[in-house]
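Results of the structural survey
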Amino acid sequence: MYSSEDIAEACQVPLAAAQANWPLLTAAMREFAIWTPGTAIAIAANVAEETAHTFEPIEEYGDEAYFTNELGAAEWLYHGRGFNQETWSSGYAWAAQATGIDCLNHPELLLIAANSARVTAAFVRMKGIPAQAEAHNWTEVRRLWNGGSNGLDVVLAHVNALLALPYPPDAPPAPVETDVPSKRTHVIAECGLKREPAHGGGDLATIPAGGQIIDLGDRIDGWASCQWTIHYGWVEASNVSP
């Protein structure tokens, strides 16, 4: 998995924004079952371009008069918002149905990063972008995203910068045995842990690349639980005394 630092450098976006929002986007990719290295590249490069390199879920620039002129009196409220710049009432209605976020009645909800990340992942899946991204057909990826080639040169520059970076093997995480007292799990790439439903469920802890998880029973980001599962990422487990 590309780190937030990788995204900031390759896509020329603020590091703080990448650190805040890239984990949300990767979690959304997992949720909508589109996680692949190519899809990660497609999303990072296009989100950078669509958000004017803020890497934040921005609102399209303009006022009511401008949007009324561009979109029409009935559609001006549904101008571009979010990481993917969702537009038109039909787009907002689709996003609401795909994610359960009531953005048709409350368009401003797409300015919340966690919401926009989920809409973006659903959008990418609906458009069929993952298959094109895995085939490295980046021009088609941009056409599917944008409807044309606007911004293609910038997107391609980010794509090439990401492709030049080392990337861990696209493999599922190794099994982690939690009943070995001296177990120490070394995180190869950013890894997400989710608590088992029987132990509260729902919480997501992020462990950065190079970090360690000791026994999966230690306090992680302030939580104490003996039952965690790998949600995403790559780990290398080894029996090493603490």
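This section reports on the structure supplied with the text. Computed from a predicted model, the values in this text were never measured in an experiment. (Residues numbered from 1 in each chain as written. Predicted model: local features only at pLDDT ≥ 70, side-chain atom pairs only at ≥ 80, totals over all residues. Heavy atoms only, no water.)

This part covers the overall build of the chain. Helix and strand counts for the chain stand at nine helices and four strands. When the helices and strands of the chain are listed from N to C terminus, the series reads α-α-α-α-α-α-α-α-α-β-β-β-β. In the chain, buried positions account for 45% of the 242 residues. Total accessible area computed for the chain in this model is approximately 11,000 Å², and 52% of it derives from carbon and sulfur atoms. (Helix = DSSP H or I, 4+ residues; strand = E, 2+ residues; numbered from the N terminus. Buried < 20%, exposed > 50% of the residue type's maximum accessible area, 1.4 Å probe, protein only. Areas by Shrake-Rupley, 256 points an atom, 1.4 Å probe, with all protein chains shown as cover.)

Core analysis: the largest hydrophobic core is formed by 41 residues, its most contacted members being I7, V13, W22, I43, F55, I129 and L162. Here this core gets eight residues from one element, more than from any other, and that element is helix 3 (residues 37-50). In this structure, Y78, A95, I101 and L110 belong to the second largest nonpolar core, which totals eight residues. (Core = buried A, V, L, I, M, F, W, Y, C linked by side-chain atoms within 4.5 Å.)

The next point concerns the environment of I58. Here I58 is to be found in the loop between helix 3 and helix 4 (64-71). The class for I58 is buried, based on a relative accessible area of 15%. Sequence separation between I58 and L110 is 52 residues; the distance between their C-alpha atoms is 8.7 Å. Ignoring any residue separated from it by four or fewer positions in sequence, one finds I58 in contact with E50, T51, A52, G80, R81, G82, Q85 and L111. (Contact = heavy atoms within 4.5 Å.)

Attention now goes to the packing of helix 1 (residues 4-11) against helix 2 (residues 15-31). Between helix 1 and helix 2, the least distance of the axes is 8 Å, while the angle of their chain directions is 125 degrees. Compared by their axis directions, helix 1 and helix 2 come out oblique. Along this stretch, helix 1 crosses helix 2, giving a crossing that reads as right-handed. Contact residues: helix 1 offers S4, E5, I7 and A8, while helix 2 offers L15, A18, Q19, W22 and P23. In terms of residue class, the contact of helix 1 with helix 2 is made up of six nonpolar, two polar and one charged. (Axes fitted to C-alpha atoms, helices over the stretch in contact; angles between N-to-C directions. Parallel < 35°, antiparallel > 145°, perpendicular 65-115°, else oblique. Left-handed = near helix turned anticlockwise from the far one by under 90°. Nonpolar A, V, L, I, M, F, W, Y, C, P; charged D, E, K, R; others polar.)

For Q12, which is not glycine, the phi torsion reads 55 degrees and is therefore positive. Summarising the element assignment, Q12 is placed in the loop between helix 1 and helix 2. A residue is classified by how much of its surface remains accessible, and Q12, at 59% relative accessible area, is exposed. The phi dihedral of H53 falls on the positive side, at around 60 degrees, and the residue is not glycine.

Counted according to the given criterion, the structure contains four salt bridges. Of the charged contacts, one joins R142 and E50 as a salt bridge, the two residues approaching to 2.9 Å between their closest N and O atoms. A residue pair is termed long-range when its members are at least 10 positions apart, and R142 in helix 8 (residues 138-146) and E50 in helix 3 qualify at 92 residues. Of the residues examined, E50 reaches a relative accessible area of 15% and is grouped as buried. With its nearest N and O atoms 2.6 Å apart, the salt bridge here joins E140 to R143. Here E140 and its partner R143 are both found in helix 8, three residues apart, which amounts to about one turn of the helix. Residue class for R143 comes out partly exposed when judged on its relative accessible area of 40%. (Salt bridge = Lys/Arg side-chain N within 4 Å of Asp/Glu carboxyl O.)

This part covers the side chain of E86. Inspection of the secondary structure assignment puts E86 in the loop between helix 4 and helix 5 (89-99). With no salt bridge to any partner, buried E86 finds its closest opposite charge in K127, at an N-O distance of 7.7 Å. Within the structure, E86 has its side chain in polar contact with the side chain of N84 (distance 3.0 Å). Apart from residues no more than four positions distant in its own chain, E86 is found in contact with H79, G80, R81, G91, Y92, W94, L110, V119 and F123. (Lys, Arg positive; Asp, Glu negative; His and termini not counted. Polar contact = N/O pair within 3.5 Å; in protein donor to acceptor, adjacent residues only side chain to side chain.)

This next bit is on helix 1. Along helix 1, the residues that are buried comprise S4, I7, A8, A10 and C11. Q12 lies just past helix 1 and shows a positive phi near 55 degrees.

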